[in-house]
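# Structural overview
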Amino acid sequence: MARRPVNPPATGWSLTIPPKIWDRLSDHVLGSAARGAVLLAGLADGPRGPRLLARELILADEGRDYIPGEFGHRALAPTFVRDAVIRARDEGLAYIAAHAHLGLDHVGFSEIDLASHERGYPSLSQISGQVVGALVITDHAAAGDLWLPDGRREELAETIIPTGNLLRLRSQPAEEGRPDSLHDRQARLLGDLGQETLRRLRVAVVGLGGVGSILVEELARLGVGELVLIDDETVEETNLPRLVASGREDIGRLKTEVAARNARRANPDVRLIEIARRVERPESLEELVRCDWIFLAADGDAARHWVNGTVQQYLVPATQVGVKVPLTPQGDVGQIHTATRLVLPGSGCLWCSRLIDPTRLAVDMHPAGERDAAQYVPGVPAPSVITLNTLAAGEAVNHFVFAVVGLHDEENDHASVIHRPRTRQRDLQEPRQDPTCRWCTSTGRLGLGRKGSTPF
Amino acid sequence: METPIDTTAKTDAHQHVSVTVKVNNQDVTLPDREVTGLEIKQAAISQGLPIDVGFQLSVKRSHGRYEVVDDDELIRVHTHQEFLAVPPDDNS
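Definitions and cut-offs
Residues numbered from 1 in each chain as written. Chains lettered and ligands numbered in written order. Predicted model: local features only at pLDDT ≥ 70, side-chain atom pairs only at ≥ 80, totals over all residues. Heavy atoms only, no water. Helix = DSSP H or I, 4+ residues; strand = E, 2+ residues; numbered from the N terminus. Buried < 20%, exposed > 50% of the residue type's maximum accessible area, 1.4 Å probe, protein only. Contact = heavy atoms within 4.5 Å. Areas by Shrake-Rupley, 256 points an atom, 1.4 Å probe, with all protein chains shown as cover. Arc of directions from axis to C-beta. Pairing = 2+ DSSP bridges. Axes fitted to C-alpha atoms, helices over the stretch in contact; angles between N-to-C directions. Core = buried A, V, L, I, M, F, W, Y, C linked by side-chain atoms within 4.5 Å.

Check the secondary structure of chain B and you find one helix and eight strands. Reading the secondary structure of chain B in the N-to-C direction produces β-β-β-α-β-β-β-β-β. Looking at chain B as a whole, 45% of its 92 residues are labelled buried. Across chain B, contacts joining residues at least 24 apart in sequence account for 52% of those joining residues at least 6 apart. Roughly 4600 Å² of accessible area belongs to chain B as shown, and the carbon and sulfur atoms make up 49% of that amount.

And the structure:
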């Protein structure tokens, strides 16, 4: 199959579709028997405009729900439209009718399509009180026509599918990007449009210690345009061997300040948001939900829980990066492993993978003094070595770069990577999903956006 | 209370009383308690709703479900009764 065009992030309304929902939608409407469907979607503010977040797919059954059209070739039957728009109204979600056209990199609505929208969507908008509209897709392109409750009409700037390669579908491919002499060598691999993609992205790093400081260094040098830096801790002497670009004069300074200074040194044009708070604080979450990607490099179950919630409720992909060095009280070293876990909306989550412990989460949510008291046993610092952190961070950023510029061979490979450096093994681990998960399924918070509560 | 669809013809003794119902969440005043599906849509159009007579009309029943009302179907309406009028969504 031809490689999809690389489209840098566009400004305006976007629609994000979780990979599993996209697979079902494209199978249904792009298959040999072209059919129709409706997406129900939450709403959120995004880094470049309002975001529609596909939460559920309603497939139109051929013959009953998708019938010969009165004006067009085929039509969603009025009873199907009615029932779907009632659900949109009752659940406070956008109604997006979807169908496919032939073609590859270009797609648009026909006059018949647009006439149908003009005939019907003002009434559907009155019924639901929510955004209503239509999506037309090919394998490589998507166009959308949105009717807002206040009477305005907007085109969809892009449709995003955060799968193995993060797809950004437009009605036509983006024009060639501007050559960037600073990044000439890496743009020879990533392409000018790939480099432009990085420049327009807003990426969060949660936890700015040993792993997080490497992530910031690499993301800034790659040319990521905006970084959201979240950590409430200050630098200690024992951090220095692992904290990139830190010095003794930094002891006692906020890790966000040190990371920001380093990011600016790496890329003077980078835009920085420094949040010296824990991730569950409202000011942290407000920034987190408006990112394109999140790197989770913080210890603790609270950080995992809040980032996991953001991924699922706001459809923001994330990579969790960690290093585990097991050590017995006698000093014996166990199987060291590093993990880079891809956390994608609707494809299994950290709760489903048993990576959040409810008891430890409860303890982690208490104020610092109470957290320490609840541990009972005095804490012993875990071993930490910069080379192990580098292994995990490099894997995570490589995956991210390849994903956003479309360089992964396998689009549907969502596996995590586990390195075991003592035995020199590198294994892939598939995500796991509980069918009734309250976070990553349509029966839970998936795609609810601002309609769901925040904090979660 | 369920409102039965009355398919009998209007009688001379019938009293004409206007009734205000909801069509697509908007108030629509009907000229009579007994109207056809087509008359409901025509009244809604004349009162500015963005629909046309080709739309499919449904009435909300007491159990919360909607039933289609045909153009020639006579229905006895009551104040605040809720209707939806939607078109098919034509694709090229």
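In this section: unusual backbone geometry. Across residues other than glycine, the phi torsion is negative in most instances, and most of the peptide bonds are trans. Backbone geometry places Arg354(A), a non-glycine residue, at a positive phi of 60 degrees. With respect to the helices, strands and loops of the structure, Arg354(A) is situated in the loop between β16 (337-343) and α10 (358-364). A positive phi angle, near 50 degrees, is found at Asn24(B), a position not held by glycine. Relative to the elements of secondary structure, Asn24(B) occurs in the loop between β1 (19-23) and β2 (26-30).

Quick look at helix α1 (residues 37-46) of chain B now. Those residues of α1(B) not exposed but buried are Gly37(B), Ile40(B), Lys41(B), Ala43(B) and Ala44(B). One face of α1(B) carries all of its buried residues, which in axial projection span an arc of 160 degrees.

Bringing the sheet that holds β16(A) into the picture now. All names here are of chain A. Reading across the sheet, the eight strands line up as β13-β12-β11-β14-β15-β16-β17-β18 and stay open at both edges, with mixed pairing between neighbours. The two strands at the open ends of the sheet, each matched to only one other strand, are β13 (271-275) and β18 (425-429). Taken pair by pair, the neighbouring strands of this sheet meet at an average axis angle of 15 degrees, ignoring direction. With five bridges connecting them, strand β12 (residues 226-230) and β13 associate as parallel partners. Paired with Glu-226 across the two strands is Arg-271, which belongs to β13. Set on the sheet, helix α7 (residues 255-266) makes contact with β12 and β13; between it and β13 the angle comes to about 175 degrees.

The five strands lie next to each other as β2-β1-β7-β4-β5 (chain B), forming an open sheet whose pairing is mixed. Looking along the sheet, the strands with just one partner apiece sit at the ends: β2 and β5 (66-69) of chain B. Going from strand to strand, the sheet's axes swing by 35 degrees on average, the running direction of each strand aside. Against the sheet, helix α2 (residues 78-91) of chain A makes contact with β4 (56-60), β5 and β7 (82-86) of chain B, and its axis sits at roughly 145 degrees relative to β5(B), the strand it touches most.

Moving on, we get to the nonpolar core. By size, the foremost hydrophobic cluster in this structure holds 56 residues, and its most contacted members are Ile17(A), Leu25(A), Leu39(A), Leu52(A), Leu135(A), Leu288(A) and Val307(A). Looking at this core, the element that brings in the most residues is helix α9 (residues 301-314) of chain A, giving six residues.

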